Amino acid sequence: MLQDTWVAYDGENFTGNQYVLEEGHYPCLSAMGCPPGATFKSLRFIDVEASLIRQNPCTSKQLNIRLPQPSDPQHYVHNFPVPMKEFSEPTIILFEREDFKGKKIELNAETINLRSLGFSTQIRSVQVIGGIWVTYEYGNYRGLQFLLSPAEVPNWYEFSGCRQIGSLRPFVQ
């Protein structure tokens, strides 16, 4: 990825599994967190500075993704208001039970392995207080990924289809 940040989806119209791709070198799909044989069917450009998301449908299987140009016929811009609390100190609270009950842990920095902090990876609800976060199904930034902005998720499984969060990190803003 030559610049910026993108979210690739394996489903059309920004559905399916998410893969957060930040500036850097990805020699293969697995380096992006993708399972073998994954294909991208849609891409979303994340532009935090301009407070908008540009969406550009893409059906290419290539890893060398050309950045869309405003003159492209399939390029369009969707205004995405970014509340100021998303630019605040990154804070996320994970709960062991639905509806923000039970044991909880508050995090302000990346966590490579949630279990190493003595907390169960079986997360049932989530509160994103500040910042933008990327969560991963398994430790060491592996598995399904989710990009979260400040919000409350009373039922993590219903929201994500995942029964756990193994690692997470604040999104670079």
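Rules of the game
- Residues numbered from 1 in each chain as written.
- Predicted model: local features only at pLDDT ≥ 70, side-chain atom pairs only at ≥ 80, totals over all residues.
- Heavy atoms only, no water.
- Helix = DSSP H or I, 4+ residues; strand = E, 2+ residues; numbered from the N terminus.
- Contact = heavy atoms within 4.5 Å.
- Areas by Shrake-Rupley, 256 points an atom, 1.4 Å probe, with all protein chains shown as cover.
- Pairing = 2+ DSSP bridges.
- Axes fitted to C-alpha atoms, helices over the stretch in contact; angles between N-to-C directions.
- pLDDT = per-residue confidence, 0-100.
- Buried < 20%, exposed > 50% of the residue type's maximum accessible area, 1.4 Å probe, protein only.
- Lys, Arg positive; Asp, Glu negative; His and termini not counted.
- Salt bridge = Lys/Arg side-chain N within 4 Å of Asp/Glu carboxyl O.

Before we go on, may I ask you to explain the overall build of the chain in this structure?
Counting secondary structure elements, the chain contains one helix and 12 strands. When its helices and strands are written in sequence order, the chain yields β-β-β-β-β-β-β-β-β-β-β-α-β. The contacts of the chain with a sequence gap of at least 6 include a subset with a gap of at least 24, amounting to 60%. Looking at the chain as shown, the accessible area adds up to about 9600 Å², and 49% of this sits on carbon and sulfur atoms.

What am I meant to see in the sheet that holds strand β8 (residues 125–130) here?
One key point about sheets: their strands pair by backbone hydrogen bonds, in either a parallel or an antiparallel sense. On the basis of which strands lie adjacent, the open sheet formed by four strands has the order β7-β6-β8-β11 and antiparallel pairing. Here the strands that pair on one side only, and so sit at the sheet edges, are β7 (101–107) and β11 (151–153). The mean angle between the axes of side-by-side strands here comes to 15°, regardless of whether they run parallel or antiparallel.

Looking at this structure, I do not really get the confidence of the model for the chain. What am I missing?
Parts of the prediction with low pLDDT should not have their coordinates interpreted in detail. Summing up the model confidence of the chain, the mean pLDDT is 76 and the portion of residues at 70 or higher is 75%. For residues 50–86, every residue scores under 50 in pLDDT, and the model assigns this stretch 69 contacts once sequence neighbours within four places are set aside.

It is not clear to me how the environment of R44 should be interpreted in this structure. Could you clarify?
Assignment of secondary structure puts R44 in strand β3 (residues 42–47). Judged by its relative accessible area of 18%, R44 is buried. The spacing of R44 and V20 is 24 residues in sequence and 9.6 Å in space, taken between C-alpha atoms.

What's the story with the side chain of T111 in this structure? I'm lost.
One can find T111 in the loop between β7 and β8. In contact with T111, not counting residues within four places along its chain, are L117, Y141, S167 and L168.

I keep staring at the environment of F159 and nothing clicks. Help me out?
Inspection of the secondary structure puts F159 in helix α1 (residues 156–160). Each C-alpha atom, one on F159 and one on S125, is 9.4 Å from the other, the two residues being 34 residues apart in sequence. Among residues more than four places away in sequence, those in contact with F159 are L148 and V153.

Any chance you could explain the side chain of E137 here in plain terms?
Its location among the elements puts E137 in strand β9 (residues 133–138). R142 is the oppositely charged side chain nearest to the buried, salt-bridge-free E137, at an N-O distance of 8.6 Å. If we ignore the near neighbours within four places in the chain, the residues touching E137 are R142, G143, L144, C162, Q164, I165 and G166.

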